[in-house]
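Here's the letter readout for the chains.
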Amino acid sequence: MSKLRVAVLGAKGRIGSEAVRAVEAAEDMELVAALGRGDKLETLVDSGTEVVVELTTPASVMGNLDFCVRHGMHAVVGTTGWTDERLAQLNTSLAASPETGVLIAPNFSIGAVLTMKFAQQAARYYESVEVVELHHPNKADAPSGTATRTAQLIAAARAEAGCAPQPDATVTALEGARGADVDGIPVHAIRLRGLLAHQEVLLGGEGETLTIRHDSLHHSSFMPGILLGVRRVVSAPGLTFGLENFLDLG
Ligand SMILES: NC(=O)c1ccc[n+]([C@@H]2O[C@H](COP(=O)([O-])OP(=O)(O)OC[C@H]3O[C@@H](n4cnc5c(N)ncnc54)[C@H](O)[C@@H]3O)[C@@H](O)[C@H]2O)c1
Ligand SMILES: O=C(O)C1=N[C@H](C(=O)O)CCC1
């Protein structure tokens, strides 16, 4: 069987450099390009790239994906910064290239995907829910893409179940003290040397609390998800948001 021809964008970055090694080690893939900032995207065409793994920055991702989709290359995207406007723009590009698949995964680690699912399931049973994400201090964006997605899923589950607004008697607060508001769910971002990527979902009800916590201790935690995404995106035209769509989670 022929190997999938894979390129990595952001190949010198923290996760990109790990992805380069993972693709090189995968028996069913060939790393045909590893591009950093300033490298020419035409290299992707010249190298016959089939799937691009996009791990750059929110400022670069839209231009890179526009190029990939226009050239019929599938993409697996870990870069953060997704808004409804950006997703709409990407869907417009994809409509003009209907056989091309793009997977955007706020988090590639199985534990983070499960955390989101468990939080979604638990959300309706508790009066209070808050999300705390904790990352290395070199991270450019806050809150994390994972925390934003987690809060959105929690808010949607609570809305569907008809939950009342959360109790919160705060009258005066220093700006930021109650975190960012993502669809009504408070999200708190910690930046601390020594950490990589961590998240807690805190749920509280009468006389009890539930804490769902996940820790990514090394970038290797994201690699099985990236490789799965590469294998699956080639037969998933259009936009897929979330790795859970490629997992049989029940
Ligand atoms: N989805 C996930 O599971 C997951 C996991 C880790 C990180 N991330 C996200 O991935 C992104 C990268 O994270 P990081 O920690 O590796 O950051 P980083 O700053 O270490 O790496 C980003 C790299 O992209 C390069 N780059 C910027 N613009 C480029 C362009 N136009 N073309 C090619 N390369 C370009 C930069 O020079 C840098 O080397 C962030 O958005 C981060 O939140 C996602
Ligand atoms: O290290 C990062 O940056 C990470 N970014 C993603 C996010 O914002 O959720 C995934 C976790 C690591």
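All of these numbers come straight from a predicted model, not from anything done at the bench.

Below, the discussion takes up the site of ligand 1. Close to ligand 1 lie 22 residues; Arg14, Ser60, Thr80, Ala105 and Phe108 are nearest. Contacts to ligand 1 include Lys139, whose side-chain N or O atom sits 3.0 Å from an oxygen atom. Taking a 2 Å distance to the grid points as the criterion, the majority of the atoms of ligand 1 fall inside the largest pocket. Within the residue set of the shell around ligand 1, elements represented by two or more residues are helix 1 (14–25) and helix 3 (58–70). Of the residues contributing to the shell around ligand 1, the split by class is seven nonpolar, eleven polar and four charged.

Further remarks concern unusual backbone geometry. Cis geometry is adopted by the peptide bond preceding Pro143, which originates at Ala142 and carries an omega value of -5 degrees. Tracing the backbone through its elements, the reader meets Pro143 in the loop between strand 6 (128–135) and helix 6 (145–161). Here Asp183, not a glycine, exhibits a phi torsion of approximately 55 degrees, which is positive. Relative to the elements of secondary structure, Asp183 occurs in the loop between strand 7 (180–182) and strand 8 (185–191).

Another point: the UniProt feature "domain: Dihydrodipicolinate reductase C-terminal" (unreviewed entry) in the protein. As annotated in UniProt, the feature "domain: Dihydrodipicolinate reductase C-terminal" (unreviewed entry) corresponds to residues 111–247 in the numbering used here. Here residues 111–247 runs as 29% helix and 29% strand, with 12 Å between its end C-alpha atoms.

What follows concerns the site of ligand 2. Contacts to ligand 2 come from Thr80, Pro106, Asn107, His135, His136, Lys139, Ser144, Gly145, Thr146, Ala197 and Phe222. Separating an oxygen atom of ligand 2 from a side-chain N or O atom of His136 is a distance of 2.9 Å. Protein chains shield 85% of the accessible area of ligand 2, which is 310 Å² for the free molecule. Judged by the proximity of its atoms to the pocket grid, ligand 2 belongs to the largest pocket. Residues belonging to the shell around ligand 2 are distributed by class as follows: three nonpolar, seven polar and one charged.

Rules behind the numbers
- Residues numbered from 1 in each chain as written.
- Chains lettered and ligands numbered in written order.
- Predicted model: local features only at pLDDT ≥ 70, side-chain atom pairs only at ≥ 80, totals over all residues.
- Heavy atoms only, no water.
- Near = heavy atom within 4 Å.
- Polar contact = N/O pair within 3.5 Å; in protein donor to acceptor, adjacent residues only side chain to side chain.
- 1 Å grid on protein atoms, 1.4 Å probe; cavity = no way out; pocket = protein on both sides within 12 Å on 5 of 7 lines; lining within 4 Å.
- Sits in = over half its atoms within 2 Å of the grid points.
- Helix = DSSP H or I, 4+ residues; strand = E, 2+ residues; numbered from the N terminus.
- Nonpolar A, V, L, I, M, F, W, Y, C, P; charged D, E, K, R; others polar.
- UniProt positions renumbered as here; feature names shortened; annotations may be inferred.
- Areas by Shrake-Rupley, 256 points an atom, 1.4 Å probe, with all protein chains shown as cover.

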